[in-house]
Amino acid sequence: MKITLGAVSKPYSALKMKTGDWGTHWPKVDEELCTGCGTCEMFCPDMCIELVKVGEEEVNGKIKEIKKAKVNYDYCKGCGLCAEVCPTKAIKMELKEIYKV
Amino acid sequence: MVRKVVRGFYAVAYAVKLCKPAVICAYPITPQTEIVENLAAMYANGELGNCRYITAESEFGAASILVGASATGARTFTATCSQGLILMSEVLWNAAGMRLPIVMVIANRALSAPLSIWNDHQDSMAMRDAGVIQVYVENNQEAHDMIPQAYKIAENRSVMLPFMVCMDGYKLTHAYEPVDLLEQETVDNFLPPYDPPIKLTTKDPLTFGCYAPPHCYMEFRVVMQRAMMRAKKVMEDVFKEWAELTGRNWGGLIATDYMDDAEIAVVAMGSVVGLIREVVEEMRKEGKKVGLVKIRSFRPFPTEDLRKVMKDVEKIVVFERAVSFGHEGPVAIDLKSALFGHCNAKVYSFAVGLGGRDIPKDLIRRCINNVIEGKVDEGFHFEGVKEFEEVII
Amino acid sequence: MKFFFSSGHGACPGCSLPIAVKNVLYALEGKCFVVNPTGCLEIISSQYDRSAWGVPYIHSLFENAAAVAAGIEAALKALKREDEGHVVVFAGDGATADIGVGCLSGMFDRNHDVLYICLDNEAYQNTGNQQSGLTPPGSNTTTTPAGKLLPGKVGKKKDMVAFALAHGVPYVATASVAYPTDIRRKVKRAVEFEGSKYIQIHCPCVTGWGINSNETIKVAKLAVETALYPIVEYENGELVRVRKIKERKPVEEYLKIQRRFRHLFKHPKGKEIIEELQRIADENAKRFGLDA
C-alpha cells in the first residue's frame, strides 16, 4: 500500500472499482431504434453509456458518421435512467441472467 | 542590517514581508491585530509584490482560505490568538493532515469565559495535538528571526506541516524593543521560493483531501507522527544555519543556561524566560545551583534534549502559563512523560500569570526558593492568586 | 474522458449528482479547479486512491468550501496562473445554506472569481435525510419526522437566490438536472462574468426522497412543471430569463410519487401543507411569469 503526502490521489483512480455487479438489470440497446442522439450519454450518472461510431452514410452528398449508444457493463449499476430518457424507446432494461430463476 | 526600536507586531510583519508570501489572510483580534494591520499597510503601499492580502469574514474563513491557497502552491501567512485560534482549530487539524505548511503567528492570549484579552498560553496549548509545529519565542528579535526559519522548516519536504510561532500577546506584540531588522538579501539567500512537491494544477489534476476508510486511515497518522519527529532534526539544522548566517544563536529545540552542574532546573516558555533568567543569574551569585531550560519547540517535544540536560538534576521547577483542567499544567505533563524512567528528579509546577496577571520577579524567586528549601509539595500549584471566597452569587 | 468524472464512483444507482457534475465539467472542458465540501458527492467520489475526478480537486471541511475556493482564486492570481482554469465549488444544500453560509457570505461579499454550484437535494442525504435549510415544508426527514402532531418539516425553504442577489452577485441562476443542456449553457454564461457566480441545481435523491432509481429525471421535471422549483436566471441583479411552463401541473402530481411527501395525503394537517405548497407554486408562477 502506498501512503501519499496528505492522502492525495491520482485522477480517475475510481476506475479500479467495477460497479457493474451492483444492479439486477442491464440496459440493452436496440440499434434499429437508436438514432444516436446522445440523450442517454448526457444523463448516465455512471459515465457508462456512450455513442460509438458504427459506420458511415451519405447525406446530401456529405459523408456522416453513424453513431449508436454502447453500454459499458463493467460499471453500469442498472438504474434504468437511460431507458427512461431515451426519446425513441431504444433501450430496454433486462434482468441479468444470474437473477433469472 | 539595521537596528531599530520597533514594536513586536512590526518586527513580525516586517519579517513576513521579507519571506514574500503569496497569500496573506487574517481576521482582526486583539492583541494580534497590529501584525496584520502592518501587513495591510504594506499591501496598500504596494510593498508586498504580487501578494494577495485578504481580510476574511472570520478566523475560520481566514484559515480555510489559506488551505485553498497553500494547496494551490502559494506561500501563506496568518496571525491570530485566543478565540480566533480556537475558531480556526478545525481547519488547522485539517491543514496538518493535508500537510500544508501554513505559517502563522499566535499572539498568545487567554480564553473565555470569563472574557480576557490578556496574555497566557491557554490558546496554543489547546492546539497541542493538531499536528502543528509550535515554537515559543522569548523576545521580539527571536520572533523576527523565527519567521524565515518557520517557513524553511515547515516547507522542508520531509516535514510539510503547519507552523505556529507563539509570542506572548501584549508582553511581546506591543513591547518596544531594539531589533536588528533583516535585509531582503539575507532572507532571499536563506529561504528559497516555495516549490511544493504536489499542488492543485490543471496540468496534473490530483485529488486533495480524500477520505480514508479504516483500511488505510492509521497509516496517514503514522506518517504525520514521522514528519513531526523528522522535524526535530530539520529544526536543529535550520537553527544552526541561522546562527551561522546572522550570528544570533537562539539554541536548538531547547536553550539552556547554567545547566552543566545544576541541581535545580527551572523550565519555562515564552517571554517569562527573560525574567526567570535574571532570577537564575542572581541565585547563581548567591551560590545556589540553579539552571534554566527554555523550551523553544513544544511540538515536536524535545524529549531527547530534556533527558540529556535533566540527567543529574534533583528538582525541576516548571512555570506554566496554562492549565489542563482536571490534571495539571501541560508543560509539566509532557516533561514528566519525557523523563519517566530517565531521571528521578521531583517536578514542581506553578501556573502563573493566567489572563495577564502580573508575574513579579519576587514570585519567581519565592517559588524557586520554596522548592529548594522543601517548603512546597511536588505537583501542581497556582501562584500569584489572591485570597477569595467561592460563592454562587 | 469527456466528462472529467469517471465511472467507478460510489453513488447510488440513479443518483442525480453525477449528472449535474459531468455536465458542468463538460461545459468547462475540464479547465477548472473543483472544491467540494463534505457530503454525498465528496464521499462517493474521493475515497483515497479511488478518485473519480479528472480535474484538480480539493475537499477540506464541511463548512468552508467557499473560503477554500477563495484561497485558490487568490493564489492563482498571486502566482499569475489564473489562465489555468475557473474555480468551481460543488456543494450540497446543507453545506451551502446552513453550516457553510458564513464562508459563502464572505466569498460573495469579497466577490471572488468563483462559480459556486449548490447541488440541492433538499436535505442532508449523505447521512440519511436530515432536514436542511433547503428542505421544503412538509418533507418527512429523520429530524423532522411526520408524527401524530407534526406533518414533517414546519417552516420554509430558504431562498438562497435572494441571498446571493442581496450580496450583489453578478450572475445568479437556478437549474435542474432534468435539463442538462440548460445547465451547460448557464455554466458557460456564468463564467463570462468576473466575480462570484451562483447556480443552484435541483438534484432529486433516490434514497432520501423515496423514488425509484429510474425516476430521478421524471421527478426533477415535475418539480419544474408544478412551479415548485422555478428555473430563473439573473444577470447583474436583473431577471433575464425563466423556463416557461406550458401546462402547469398541480403540486399533488409531484408530491404523490415521493415517499417523503406521501404522509401528506393522510395526515390531519396534510391538506393544509399541500395547500401551502400549491400557494408557493402559484406565487412562483406569478412572481417569475412562469406560465406560458
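Residues numbered from 1 in each chain as written. Chains lettered and ligands numbered in written order. Predicted model: local features only at pLDDT ≥ 70, side-chain atom pairs only at ≥ 80, totals over all residues. Heavy atoms only, no water.

Peer 1: Describe in detail the overall build of chain C, supporting the description with residues and values.
Peer 2: Helix and strand counts for chain C come out as twelve helices and ten strands. Taken over the C-alpha trace, chain C has a radius of gyration of 18 Å; the compact-globule value for 292 residues is 19 Å, and the two agree within 12%. A principal-axis box enclosing the C-alpha atoms of chain C has dimensions of 60 × 40 × 35 Å. Within the span of chain C, comprising 292 residues, buried residues form 64% of the whole. If you take every contact in chain C between residues at least 6 apart in sequence, the share linking residues at least 24 apart comes to 69%. As displayed, chain C offers around 10200 Å² of accessible surface, 52% of which is attributable to carbon and sulfur atoms. Across chain C, 37 positive and 32 negative side-chain charges occur, with their mean positions spaced 5 Å apart. (Helix = DSSP H or I, 4+ residues; strand = E, 2+ residues; numbered from the N terminus. Rg over C-alpha atoms; globule rule 2.2 N^0.38 Å. Buried < 20%, exposed > 50% of the residue type's maximum accessible area, 1.4 Å probe, protein only. Contact = heavy atoms within 4.5 Å. Areas by Shrake-Rupley, 256 points an atom, 1.4 Å probe, with all protein chains shown as cover. Lys, Arg positive; Asp, Glu negative; His and termini not counted. Charge placed at Lys NZ, Arg CZ, Asp CG, Glu CD.)

Peer 1: Please provide a residue-by-residue account of the pairing of strand β4 (residues 76-80) of chain B, values included.
Peer 2: Residue and element names in this part refer to chain B. With five of five residues buried, β4 lies mostly within the body of the structure. Along β4, one buried face is formed by T76, T78 and T80 and the opposite face, lined by F77 and A79, is buried too. By the bridge criterion, two bridges tie strand β2 (residues 23-26) to β4 in an arrangement that is parallel. Note that in β4 the partner of V23 across the bridge is T76. Both β4 and strand β5 (residues 103-108) contribute to a ladder of four bridges, which runs parallel. Residue pairing for β5: A79 is matched across the bridge by V105. Crossover connection from β4 via helix α4 (residues 82-97) to parallel β5: handedness right-handed. (Pairing = 2+ DSSP bridges. Right-handed = clockwise from strand over helix to strand, strands pointing away.)

Peer 1: Which residues make up the interface of chain C and chain B, and what values go with them?
Peer 2: Buried accessible area, meaning the area lost when the parts come together, often serves as the stated size of an interface. Across the boundary between the two partners, chain C contributes 38 residues, which contact 39 residues of chain B. Taken together, both faces of the contact between chain C and chain B bury some 3000 Å²; the carbon and sulfur share is 63%. Counting across the chain C and chain B interface gives one salt bridge. When the shortest N-O distance is used, the salt bridge between E57(B) and R110(C) registers 2.7 Å. Joining chain C to chain B, the criterion identifies 18 residue pairs in polar contact (both at pLDDT 80 or more). For the side of chain C that touches chain B, the secondary structure elements donating two or more residues are β1 (32-35), α2 (40-45), β2 (46-47), β4 (57-58), α3 (65-78) and α5 (101-110) of chain C. In terms of residue count, α3(C) provides more of the side of chain C that touches chain B than any other element does, ten residues in total. Considered class by class, the residues forming the side of chain C that touches chain B number 20 nonpolar, eleven polar and seven charged. (Buried area = accessible area lost by both parts, 1.4 Å probe. Salt bridge = Lys/Arg side-chain N within 4 Å of Asp/Glu carboxyl O. Polar contact = N/O pair within 3.5 Å; in protein donor to acceptor, adjacent residues only side chain to side chain. Nonpolar A, V, L, I, M, F, W, Y, C, P; charged D, E, K, R; others polar.)

Peer 1: Run through the nonpolar core, naming residues and quoting values.
Peer 2: Judged by nonpolar contacts, the single largest core of 172 residues is most densely connected at M310(B), I316(B), F90(C) and I201(C). Two domains each put at least three residues into this core: domain 1 (2-246) and domain 2 (255-382) of chain B. Sequence-distant contacts of I316(B), defined by excluding residues within four places in its chain, comprise A265(B), V267(B), M310(B), L335(B), L339(B), A345(B), K346(B), V347(B) and Y348(B). Of all hydrophobic cores here, the second largest spans 55 residues; its members include L39(B), M42(B), L172(B) and L253(B). (Core = buried A, V, L, I, M, F, W, Y, C linked by side-chain atoms within 4.5 Å. Domains from an automatic or database assignment.)

Peer 1: A description of the packing of helix α1 (residues 17-27) of chain C against helix α7 (residues 180-190) of chain C should follow, citing residues and the corresponding values.
Peer 2: For any two helices packed against each other, the geometry comes down to the angle between their axes and how far apart the axes lie. Residues and elements named next belong to chain C. Closest axis-to-axis distance for the α1/α7 pair is 9 Å, and the angle between their directions is 45 degrees. What the angle tells us is that α1 and α7 run oblique. As α1 packs across α7, the resulting crossing turns out to be right-handed. Facing α1, whose interface residues are A20, N23, V24, Y26 and A27, α7 presents P180, I183, R184, V187 and K188. (Axes fitted to C-alpha atoms, helices over the stretch in contact; angles between N-to-C directions. Parallel < 35°, antiparallel > 145°, perpendicular 65-115°, else oblique. Left-handed = near helix turned anticlockwise from the far one by under 90°.)

Peer 1: For the interface of chain B and chain A, give the residues involved together with the corresponding values.
Peer 2: The partner chain A presents ten residues to the 17 residues of chain B that form the contact. In this assembly, chain B packs against chain A so that about 1100 Å² is buried in total across both faces, 76% of it on carbon and sulfur atoms. At the boundary of chain B with chain A, the tally comes to zero salt bridges. At the junction of chain B and chain A, the tally comes to one residue pair in polar contact (both at pLDDT 80 or more). For the side of chain B that touches chain A, the secondary-structure elements that each account for two or more residues are β9 (207-208) and α8 (217-246) of chain B.

Peer 1: Lay out the environment of A322(B) with the relevant residues and their values.
Peer 2: Residue and element names in this part refer to chain B. Mapped onto the elements, A322 comes out in the loop between β14 (315-320) and α11 (330-339). Separated by 212 residues in sequence, A322 and A110 have C-alpha atoms that sit 8.6 Å apart. Not counting the four nearest positions on each side in its chain, A322 is found in contact with H121, Q122, M125, G329, P330 and L354.

Peer 1: Tell me about the pattern of salt bridges, residues and numbers included.
Peer 2: Per the counting criterion, the structure on display carries 55 salt bridges over all chains. With a shortest N-O distance of 3.6 Å, R50(C) and D49(C) are connected by a salt bridge. Shared partners join several salt bridges into a network, and the residues in it are E138(B), E142(B), D257(B), R277(B), K294(B) and R296(B).

Peer 1: Lay out α11(B) in plain terms, naming residues and giving numbers.
Peer 2: Of all ten residues making up α11(B), eight are buried, and the element is well covered by its neighbours. Positive phi shows up at G341(B), right after α11(B), with a value of about 85 degrees.

Treat this as a map of the structure, not an account of what it does.
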